Amino acid sequence: QVQLVESGGGLVQPGGSLRLSCAASGSIFRPFDMGWYRQAPGKQRELVATITNGGSTNYADSVKGRFTISRDNAKNTVYLEMNSLKPEDTAVYYCNGRLSILNYWGQGTQVTVSS
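Residues numbered from 1 in each chain as written. Predicted model: local features only at pLDDT ≥ 70, side-chain atom pairs only at ≥ 80, totals over all residues. Heavy atoms only, no water.

*Asks:* When you look at the sheet that holds strand S1 (residues 3–7) in this model, what are you seeing that I'm missing?
*Replies:* Within a sheet, each strand pairs with its neighbour through backbone hydrogen bonds, oriented either parallel or antiparallel. Strand order in the open sheet formed by 4 strands is S1-S3-S8-S7, with antiparallel pairing between adjacent strands. In this open sheet, the two edge strands, each paired with only one partner strand, are S1 and strand S7 (67–72). In this sheet, neighbouring strand axes are inclined to one another by 15 degrees on average, regardless of whether the strands run parallel or antiparallel. (Pairing = 2+ DSSP bridges. Helix = DSSP H or I, 4+ residues; strand = E, 2+ residues; numbered from the N terminus. Axes fitted to C-alpha atoms, helices over the stretch in contact; angles between N-to-C directions.)

Written as structure tokens, this is what we have:
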């Protein structure tokens, strides 16, 4: 069993920055592929960015060049650095961990981009 706990969300003005963190506990972190997803009100959950256990990354087109996903296996933590934030980035952001048939989600952290 893996527990994922997100932090770092909040209210930020357009053009601002935030860094989300997702701390994993309960199992060995290194083998997991990790990802960030988001869900805006009235919309389906969508992929934001993923990072494999080997460090390969993938981004949604809407965040390429603005967001950066990274991981620190020594700290069992995955990060999402978000720059040049836009109002359309407003959503609940969820951390995800996958290994074979195992699939874990965090409880989510709210990000609101508004002036």
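Past the structure itself, the notes keep going.
*Asks:* Is there a simple way to think about the pairing of strand S10 (residues 102–105) in this case?
*Replies:* Working note: regular strand, side chains alternate between the two faces of the sheet. Where strand S9 (residues 91–99) lies against S10, 4 bridges are found, and the strand directions are antiparallel. When the bridges of S10 are listed, Gly-97 appears paired with Tyr-104. Between the end of S9 and the start of S10, which pair antiparallel, lie 2 residues, with Ser-100 showing a positive phi angle near 60 degrees.

*Asks:* Before we go on, may I ask you to explain the side chain of Asn-96 in this structure?
*Replies:* Checked against the element boundaries, Asn-96 lands in strand S9. A polar atom in the side chain of Asn-96 sits 3.0 Å from the backbone oxygen of Tyr-104. Each residue touching Asn-96, except ones within four places of it in the same chain, is listed here: Leu-4, Asp-33, Met-34, Gly-35, Tyr-37, Asn-103, Tyr-104 and Trp-105. (Polar contact = N/O pair within 3.5 Å; in protein donor to acceptor, adjacent residues only side chain to side chain. Contact = heavy atoms within 4.5 Å.)

*Asks:* Is there a simple way to think about the pattern of salt bridges in this case?
*Replies:* Opposite charge on two side chains makes pairing possible when the charged atoms of those side chains draw close. Taken as a whole, this structure holds 4 salt bridges when the rule is applied. Asp-89 is paired through a salt bridge with Arg-38; the nearest N and O atoms lie 3.0 Å apart. Taken together, the positions of Asp-89 in the loop between strand S8 (77–82) and S9 and Arg-38 in strand S4 (residues 33–39) put the pair 51 residues apart, joining distant regions of the chain. Asp-89 gets classed as buried once you look at its relative accessible area, which sits at 1%. The partner of Arg-66 in a salt bridge is Asp-89, and the shortest N-O contact between them spans 2.8 Å. Of the two residues, Arg-66 sits in the loop between strand S6 (57–59) and S7 while Asp-89 sits in the loop between S8 and S9, which places them 23 residues apart along the sequence. Ionic contacts of the salt-bridge type, sharing partners, join the residues Arg-38, Glu-46, Arg-66 and Asp-89 into one network. (Salt bridge = Lys/Arg side-chain N within 4 Å of Asp/Glu carboxyl O. Buried < 20%, exposed > 50% of the residue type's maximum accessible area, 1.4 Å probe, protein only.)

*Asks:* In this structure, what is going on with the state of the cysteines? I would like to understand it.
*Replies:* What makes a disulfide is a covalent bond joining the sulfur atoms belonging to two cysteines. Following the criterion strictly, the structure yields 1 disulfide and no others. In this model Cys-22 forms its disulfide with Cys-95; the gap between the sulfur atoms is 2.1 Å. Across the S-S bond linking Cys-22 and Cys-95, the dihedral sits near -80 degrees, which makes this disulfide left-handed. Of this pair, Cys-22 sits in strand S3 (residues 18–25) while Cys-95 sits in strand S9, placing them 73 residues apart in sequence. (Disulfide = S-S within 2.5 Å.)

The quantities given are spatial measurements derived from coordinates; they are silent on function.
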